[in-house]
Amino acid sequence: MSMRGLLVLALVVVVAAALTAPRGAYGAGECGSTPADKMALKLAPCASAGQDPKSAPSSKCCTAVHTIGKQSPKCLCAVMLSGTAKSAGIKPEDAITIPKRCNLVDRPVGYKCGAYTLP
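Residues numbered from 1 in each chain as written. Predicted model: local features only at pLDDT ≥ 70, side-chain atom pairs only at ≥ 80, totals over all residues. Heavy atoms only, no water.

> Describe the overall build of the chain, and please don't skip the residues or the numbers.
Along the backbone of the chain there are 7 helices and 2 strands. Secondary structure elements of the chain, listed N to C terminal, follow the sequence α-α-α-α-α-α-α-β-β. Counting over 119 residues, the chain shows a buried share of 29%. Element-wise, carbon and sulfur atoms account for 63% of the exposed surface of the chain, whose accessible area totals about 7500 Å². (Helix = DSSP H or I, 4+ residues; strand = E, 2+ residues; numbered from the N terminus. Buried < 20%, exposed > 50% of the residue type's maximum accessible area, 1.4 Å probe, protein only. Areas by Shrake-Rupley, 256 points an atom, 1.4 Å probe, with all protein chains shown as cover.)

So this is what it looks like as structure tokens:
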């Protein structure tokens, strides 16, 4: 087989492997079937509260945090620490305090969220 033939065969094998590689099970993420980065878009009303610990979260922000937190604390953490949140300028150390600043009584106090603990 010629060198060109070997290169074409190698390329076909690589493409076939990429197309058939497992992509992970749907629903296996922290937020079920919705990726945490996509779920983070729901926290848009929390932008200022996620950048300034002295900023009072809006009612829309608190509703979004409560809704995501009810789904699971693991999801809320994944969303607050997501690349989307970081890209929007959200500081994890400030975002982690939003449930408390919203006075959510059913927040998971003491839950470990990466390097942070929910107050």
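> Please give an account of the nonpolar core that cites residues and values.
Counting 27 residues, the largest nonpolar core has L43, V65, I68, V79, M80 and I98 as its most contacted members. At the level of secondary structure, the elements contributing two or more residues to this core comprise α2 (36–39), α3 (59–71) and α4 (73–80). Residue contributions to this core peak at 6 residues, all from α4. Each residue touching M80, except ones within four places of it in the same chain, is listed here: L43, V65, A85, A95, I96, I98 and P99. (Core = buried A, V, L, I, M, F, W, Y, C linked by side-chain atoms within 4.5 Å. Contact = heavy atoms within 4.5 Å.)

> Talk me through α4; I want residue IDs and the actual numbers.
For an α-helix, the turn length of 3.6 residues means that residues three or four places apart are oriented alike. Most of α4 is tucked away: 6 of the 8 residues are buried. Residues C75, L76, C77, A78, V79 and M80 constitute the buried set of α4. Against α2, α3, α5 (83–87), α6 (92–95), α7 (98–101) and β1 (112–113) lie the buried residues of α4.

> Got a sec to walk through the state of the cysteines? Specific residues and values, please.
The bond known as a disulfide is covalent and runs between the sulfur atoms of two cysteines. Tallying each qualifying case throughout the model produces 4 disulfides. Shown here is the disulfide that connects C77 with C113, its sulfur atoms set 2.2 Å apart. Linking C77 in helix α4 with C113 in strand β1, this pair joins segments that are 36 residues apart in sequence. Classification of C77 by relative accessible area gives buried; the value is 7%. Among the cysteines of the chain that take part in disulfides, numbered as they appear in the sequence, the pairing is 1-5, 2-3, 4-7, 6-8. (Disulfide = S-S within 2.5 Å.)

> Hey, could you go over unusual backbone geometry for me, with residue numbers and the actual values?
Comment: phi is negative for the bulk of residues other than glycine, and the bulk of peptide bonds are trans. Although it is not a glycine, N103 adopts a positive phi angle of roughly 55°. Relative to the assigned elements, N103 resides in the loop between α7 and β1.

> Explain the packing of α3 against α4 residue by residue, including any values.
One way to put it is that α3 packs onto α4 with a least axis distance of 5 Å and a crossing angle of 130°. Of the possible angle classes, the one that applies to α3 and α4 is oblique. Contact residues: α3 offers V65, I68, G69 and Q71, while α4 offers P73, C75, L76, V79 and M80. Here the contact of α3 with α4 is composed, by residue class, of 7 nonpolar, 2 polar and no charged. (Axes fitted to C-alpha atoms, helices over the stretch in contact; angles between N-to-C directions. Parallel < 35°, antiparallel > 145°, perpendicular 65-115°, else oblique. Nonpolar A, V, L, I, M, F, W, Y, C, P; charged D, E, K, R; others polar.)

> Can you explain the side chain of S82? Please cite residues and give values.
Tracing the chain through its elements places S82 in the loop between α4 and α5. The exposure class of S82 is buried, given its relative accessible area of 5%. The contacts of S82, once residues within four sequence positions are left out, are A36, D37 and A40.

> Which residues make up the environment of T117, and what are the values?
Examined against the element boundaries, T117 turns out to sit in strand β2 (residues 116–117). The spacing of T117 and I96 is 21 residues in sequence and 7.6 Å in space, taken between C-alpha atoms. The contact partners of T117, leaving out residues within four places of it in the chain, are I96, G110, Y111 and K112.

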